[in-house]
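Overview (structure and organization)
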Protein chains: 4
Amino acid sequence: MVSHPIVELTSEASWNLIQDKFSDYGKETLAKLIAFLHDEVLPAQRLAHIQIPSDPVQRWKTIVPVIEELKVKARKLGLWNLFLSKLHYPEHGVPLTNLEYAVMAEMLGRGGHMASEAVNCSAPDTGNMEVLARYGSPEQQKKWLVPLLNGQIRSAFAMTERFVSSADARNIKTSIKREGDEIVINGHKWWISGAGDPRTKLHLVLGKSDPENSNSYLQQSVVIVPADAPGVKVVRPMEVFGYDDAPEGHCEIIYDNVRVPLSNLVLGWGKGFEIIQGRLGPGRIHHCMRSIGAASMALDLMIQRITDPSRKTFGKYLYEHGTVIADIAHSRAEIESSRLLVLSAALQIDKYKAKGALKEIGIAKFVIPSMALRVIDRAMQAYGAEGLSQDQPLASMFANLRTLRIADGPDAVHIQQVGQRELKRGPALAKRAAEIKKKELAVMEKAGVKSHF
Amino acid sequence: MVSHPIVELTSEASWNLIQDKFSDYGKETLAKLIAFLHDEVLPAQRLAHIQIPSDPVQRWKTIVPVIEELKVKARKLGLWNLFLSKLHYPEHGVPLTNLEYAVMAEMLGRGGHMASEAVNCSAPDTGNMEVLARYGSPEQQKKWLVPLLNGQIRSAFAMTERFVSSADARNIKTSIKREGDEIVINGHKWWISGAGDPRTKLHLVLGKSDPENSNSYLQQSVVIVPADAPGVKVVRPMEVFGYDDAPEGHCEIIYDNVRVPLSNLVLGWGKGFEIIQGRLGPGRIHHCMRSIGAASMALDLMIQRITDPSRKTFGKYLYEHGTVIADIAHSRAEIESSRLLVLSAALQIDKYKAKGALKEIGIAKFVIPSMALRVIDRAMQAYGAEGLSQDQPLASMFANLRTLRIADGPDAVHIQQVGQRELKRGPALAKRAAEIKKKELAVMEKAGVKSHF
Amino acid sequence: MVSHPIVELTSEASWNLIQDKFSDYGKETLAKLIAFLHDEVLPAQRLAHIQIPSDPVQRWKTIVPVIEELKVKARKLGLWNLFLSKLHYPEHGVPLTNLEYAVMAEMLGRGGHMASEAVNCSAPDTGNMEVLARYGSPEQQKKWLVPLLNGQIRSAFAMTERFVSSADARNIKTSIKREGDEIVINGHKWWISGAGDPRTKLHLVLGKSDPENSNSYLQQSVVIVPADAPGVKVVRPMEVFGYDDAPEGHCEIIYDNVRVPLSNLVLGWGKGFEIIQGRLGPGRIHHCMRSIGAASMALDLMIQRITDPSRKTFGKYLYEHGTVIADIAHSRAEIESSRLLVLSAALQIDKYKAKGALKEIGIAKFVIPSMALRVIDRAMQAYGAEGLSQDQPLASMFANLRTLRIADGPDAVHIQQVGQRELKRGPALAKRAAEIKKKELAVMEKAGVKSHF
Amino acid sequence: MVSHPIVELTSEASWNLIQDKFSDYGKETLAKLIAFLHDEVLPAQRLAHIQIPSDPVQRWKTIVPVIEELKVKARKLGLWNLFLSKLHYPEHGVPLTNLEYAVMAEMLGRGGHMASEAVNCSAPDTGNMEVLARYGSPEQQKKWLVPLLNGQIRSAFAMTERFVSSADARNIKTSIKREGDEIVINGHKWWISGAGDPRTKLHLVLGKSDPENSNSYLQQSVVIVPADAPGVKVVRPMEVFGYDDAPEGHCEIIYDNVRVPLSNLVLGWGKGFEIIQGRLGPGRIHHCMRSIGAASMALDLMIQRITDPSRKTFGKYLYEHGTVIADIAHSRAEIESSRLLVLSAALQIDKYKAKGALKEIGIAKFVIPSMALRVIDRAMQAYGAEGLSQDQPLASMFANLRTLRIADGPDAVHIQQVGQRELKRGPALAKRAAEIKKKELAVMEKAGVKSHF
């Protein structure tokens, strides 16, 4: 049997557990993606960084040439929109399951943000395409979804607000009001990823259209705002550990009396909460798999450093230090168990959609980013100061992953939700315990034994 | 589709990942085992404890009546020797894969040592049966293996020695010498599990038959020593956190000029290391799955306590305390990922035998016991002092699991071995990195960019 | 300058920080205590264990001869009632501060429960003597306190109740009612330490005398119940892990219509909560220091094992394994910082009584036991199975310390209280931040810079 | 008694432990420093950031005006060169002990790098001034030390090399050769802090002058290299995460045939190792105290956020979430114990110089940065994405502290050294144990008891 190239990059054990759930197309696409990653994406990374100017103004006006070239190549190879499963999006989707894409997402995570962008699978476009594919009107799909699917434009999702605890989406304050044939938007958002990109043509804006509705989950709506609409003011890029992530960026934006036609409302009035709920499920899993890919890449880098024969301190090669080896073993163990955890969540989504996999998604969401941060941190330590610098990808991986403990709900929210879900098992457990207790008394009585309980 | 009862006791996500690898027989047997656990084993646990007298002499002469009754019932139900897979033991085995038995071992772990014994799957008998089935002569099999398979007798494996770091088996000192038609054994062992049991009829004793052999892995042999042979002195039971685990016990034993016939040699002179290596693989996985079962049971107990409406402190029910809920969520996450990790190792064993799954077994061996100890510790804390006492199974679970961080090789040994195995990937990683670097230079050159590296 | 023997057993750095707060008497007493520990207590430990019979009845009727001998020696040396500081108990106390005794308590912790008992400083007698010295009537002091101070009798404190979350003392249900000249007690307690000891002559019982009082802190009273009063039924000893801690024990007790004279009421009706509050402060610090002593002893044992030249595995001495050395370094660091933390709390108590040191006591209470458990766990691991057994003191230390994460309030309670206390700093912090902000604006304005905030 | 303002910013308990070791001058200076921090430094921080241009060239040519103004004010207040203790530097030092300065360093840590610079106590100038004060010739002191002490110029210390594991200083390769009356330097350094600053006038360069010396600790020398000497090429700034820390920076530098006069040799040929050893001791403690100040500031920020009444999620204020409160309690506990640990190390240095406090310094070095990172990480999480951004100081604190787990020796080196030091206690422990064992046998014999050991 010829082994699949995925084995070398993940593990035979995890592949054995899932490979019979892959179609031939899935296996072939995965193999192609791996080759593309090593032949095209990774060799282009340094050039891409160089092609983004350090000038604080110019870097925001840049379309990185080498990434555009990669996109052309990827599309030719059929490596395109892999995230959009036909299972859930029969019209626009590709014939891949969530499980299959999950493994591909891990591969993309090895190549950083650029890899995902090269195959048109980068956030926030992915979630936005899902929204438009599922909820968009034909007109909206034609105008916005098609060019997104083609990788011709990019997009932003404007939810998080300054001065407000947006982890609870019901707190958002941006006002969305109908005035005649128009919708008027006023609000102050930040951390709007992609809003800095010159190719970004639309923002999906979440705001309150019905703030007095007694059901706090029906107060929100989503509207499409063209990026160049009058009143859209990109205030500044937010930085993450000193990185501005130009040209995409994570921007502070003020919507100052922005007016769009009524037809830019997505799905309907009061449907905002429903839309963001639908948007988040599989995306979280993809983020998690990318994180595992990043962690796995970091571990590979660590092993490379540790086994570099030119590195020797205090009379020992680095690979002779017991604690370093223990760090590697723990990292490997954490990566393997994390991968299986997320793959099992992906399979749940395939079977029951995101709604039927909330526990698994929740667990993955709070376990994986922290795991990946630990692994990357160990790798940084093995590299010394170089590990924290621009000469290795580790520090920027760390910064990026650190945001995942906050984005799409901070760890604490997911931990509480998973815990609450477990608590619901209480009554069934009590019932089972009572049944066993009853039988126990019968067994004791039959044996002529009394208990003082 | 009717759901399998395993789902309620493990999780739908893990079951979905593996159920298509279960035969119908496997599924049915698993369902029967679960019913047996709840209908028979768990209700008998308190009685079994009561049937072991507290008198320090009598407790070692006891054959617990209720366990013998359970064994009769289990055998009738076909729940017997489930650990011995036909895959590896065509003659004596049952038609179950390691993966299938792994799930059953988790169930057995929910019922403590007694559950395993009830279905004739308890250590050290399991490993000893494997040894005799694989390496025993027809005569040895007839005399010792058959009654073991029938659950008529029990056995011990005498490896660990007092005054010696036995984690490295090459350190053992017990002498095994041929004298004419006899083998003479002299040595000082301890932690010999099962040696206290009145039903134990044989010890498999590892010792040095060829201490001068230049290959330190060929110095050892294994001989069968009848428990009642002259010179076998059970010195005392060792305690684990105050538990003596009577009647099996973990005993200190002196072999003082013990003589057995030549035919009691297992496999051949110098085969001792080969035998103990073969003995340990799948057994480690079974221990791990039982540990997961114990952890899972502990979490269930914790949830029961937390949702008990009669428990309220400082104006809040226990389930309203955020940190308790977080403990539960983390425990659930750790159990789920651990289960998947061990199941993937079990599948590797099915595919490549234990030898082909050393990495997976090693990872499981150092990850799972610590994980289970954490989960049980949280549950103990939720129960307060009661959690540490004889009124809950948690403290004895903890003590038992704590030994697993030492038995069959302490954590550190497995961590170092897994780490070393990872280091071997170094050259391949360096080669791949060099290839990417080469392409990177080509890409840079084509773009007309120079690097100062 | 001649160095004090404490330096070798703790550290020069911690001693330097506090030695000028020691009186000459304190220094001399400490030196005597250290000599007594090594010359008398530690050499007697094995004998003491042997003198407690394994027979399940006899072990509870035993007065351990060698401990009684030690008590005589200790008293002659002036090593007696060291816990009772003249600062707070001018009449009965010894001229030692809490800080001075704290260091001595660490030394006692190196010798296990027996060391504390030998110098009449063992719980629960210590807390009970404090209660009687502070709140007892002259008659109560004559009858109960004097023989306790003389080490002639022992005592119990009956607070924790079965079926009730006693971590919140307001939940207790035991009824204490006046009937004429008598007080009638009915209740179901457990975990009553010392109640198994044949020398125990009195129980201080906390119960509800005024359950309808609108102030839930005034419902409780404490009464003295002679251990042999009719209706006092010791049901069974509770076990901690597998230890029963005979002869003291931690017993389940039913008070069934127990009648005592009115004069047995301590301090007054409704004063129960005040009494238990007063009882707990310094005692918690002493427990913490003893825990540090235990941890420190465990680390010494670990180092002894690791440097034992007869121990070698996989071609390396144990002390050559990097992870073991890292465990030792972390343990040392944790012990040193823990000691300083508790010493600073002891000094606070000397300055402001327990009430003025609640934050420091709370921190110590949730930090130290967990720290000590970690250190002991590492030592157990270094000893292999022997570390879990009766041949080393580590497992029983572990069991004992594990109760401290629950006794006198579980970790979570102390964590929440310390956290809440920190939250109270919120307004002052906000005020300071506002002042700085105001100055910042002035600075910016002066420099002609505008901010978009 | 009027309380000292330090109490509010640290804790009464730690202050009580050390205040009697403070002189009146020490107390007054500390109070002045606290006032200066709140009145001048913290209000100037935002302006300082704004005064550093974002232009990638200009930012390296900047002398931040507001910092220069602060320096003038500080010097007038007598808040100047506080790090240089008269105890060790009678000529140039200030009358403060290391313990006194340690507390001040914690205060400086609350104000970031700028606070230290404002009082002329910022690395690497501090260490360089120590070197020149201790080892410099009168001529060197006049030319370089005096303007450094006056804050007129800045300096760099060039030790770490690219392509070499510089954690072991014996690995460095830079060549330092005498040629006639000149010294010629060739080497490739990086991470040279301060080298970007336009005010930096000298580099202290460590290199190999005698690479063949059989004693690997005598191969190195240190020479003073003027920053503008021909052949000094600043290649680029290294980034830490995304920060370049302009204008100081951490630069890659090539010394290409740089020539300096013989008189620029510091202390003598082959004295390089001695110099760097002497340089590191107290400096490490100061870094640790600054780290504690940073952690303490982060905790204050966290509490401010948590108690901000405008923040509410899922129906609860942030301060009502149990896990957040637990995070705060743990952070407080870790800060308090860390402070005491470092203060005790500082006192050791006062008593026995750095050489006599190696264990304490080593422990602090590996404990404190990790502790501070944990505390800051929790604070970042409480702030959500804002916590990772330029709007809060937390992410840049984190990046800065992350380097401390590497700089001046990575954690692993210090952990191993502390562990090795502990192992040396082995023989003394074995001796003590043997003595106790001997007495134990005597006690047993006297009691007529035999042991089977």
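Residues numbered from 1 in each chain as written. Chains lettered and ligands numbered in written order. Predicted model: local features only at pLDDT ≥ 70, side-chain atom pairs only at ≥ 80, totals over all residues.

Further remarks concern the overall build of chain A. If you tally the helices and strands in chain A, you get 14 helices and nine strands. A globule of 453 residues ought to have a C-alpha radius of gyration of about 22 Å, and chain A, at 24 Å, matches this closely. Across its three principal directions, the C-alpha atoms of chain A cover 85 × 65 × 45 Å. Out of the 453 residues in chain A, the part that is buried amounts to 56%. Long-range pairs, those at least 24 residues apart, make up 71% of the contacts in chain A with a sequence separation of at least 6. (Helix = DSSP H or I, 4+ residues; strand = E, 2+ residues; numbered from the N terminus. Rg over C-alpha atoms; globule rule 2.2 N^0.38 Å. Buried ≥ 20, exposed ≤ 12 C-beta atoms within 10 Å, placed from the backbone. Contact = placed C-beta atoms within 7 Å.)

The next subject is the relation of the copies chain B and chain A. Two chain copies here: they are related by a rotation about an axis and a translation along the same axis. Least-squares fitting of chain B to chain A yields an RMSD of 0.0 Å, with the transformation described by 0.0 Å of translation along the axis and a rotation of 180°. The two molecules are tied by a two-fold rotation axis, judged by turn and shift. Scanning chain B for the C-alpha nearest the rotation axis identifies B:S337, at a separation of 2.6 Å. By residue overlap, the copies meet face to face through one surface: 100% of the interface positions of chain B are interface positions in chain A. (Least-squares fit on C-alpha atoms with pLDDT ≥ 70 in both.)

What follows deals with the environment of A:I361. Residues and elements named next belong to chain A. Relative to the helices and strands, I361 is located in helix α11 (residues 358-383). Look at I361 and you get buried, because 27 C-beta atoms sit within 10 Å. Along the backbone, I361 and A395 are 34 residues apart, and their C-alpha atoms lie at a distance of 26 Å.

Attention now goes to the relation of the copies chain A and chain D. If you rotate chain A by 180° and push it 0.0 Å along the axis, it lands on chain D with an RMSD of 0.0 Å. Both copies contact each other with a shared surface, as 100% of the interface residues of chain A are interface residues in chain D too.

Per the UniProt record, the feature "domain: Acyl-CoA dehydrogenase/oxidase N-terminal" (unreviewed entry) sits at residues 68-151 of chain A. In residues 68-151 of chain A, helix accounts for 62% and strand for 0%; the two terminal C-alpha atoms are 9 Å from one another. (UniProt positions renumbered as here; feature names shortened; annotations may be inferred.)

Another aspect to go through is the interface of chain B and chain A. Interfaces are frequently sized by the accessible area removed from exposure as the parts join. Of the residues lining the interface, 59 residues belong to chain B; the matching set on chain A comes to 59 residues. With 17 residues, helix α10 (residues 322-352) of chain B is the largest single contributor of residues to the side of chain B that touches chain A. A per-class count over the side of chain B that touches chain A returns 33 nonpolar, 15 polar and eleven charged. (Nonpolar A, V, L, I, M, F, W, Y, C, P; charged D, E, K, R; others polar.)

For chain A, per-residue confidence averages 95 on the pLDDT scale, and 99% of positions sit at 70 or higher. Here the predicted complex scores 0.96 on pTM and 0.95 on ipTM. (pLDDT = per-residue confidence, 0-100.)

Our next topic: the packing of helix α7 (residues 125-135) of chain C against helix α8 (residues 138-149) of chain C. Residue and element names in this part refer to chain C. The N-to-C vectors of α7 and α8 enclose an angle of 145°; their axes lie 10 Å apart at closest approach. As α7 packs across α8, the resulting crossing turns out to be left-handed. Along the contact surface, α7 presents D125, N128, M129, L132 and A133, while α8 presents Q140, Q141, W144, L145, L148 and L149. For the contact of α7 with α8, a count of residues per class yields seven nonpolar, three polar and one charged. (Axes fitted to C-alpha atoms, helices over the stretch in contact; angles between N-to-C directions. Left-handed = near helix turned anticlockwise from the far one by under 90°.)

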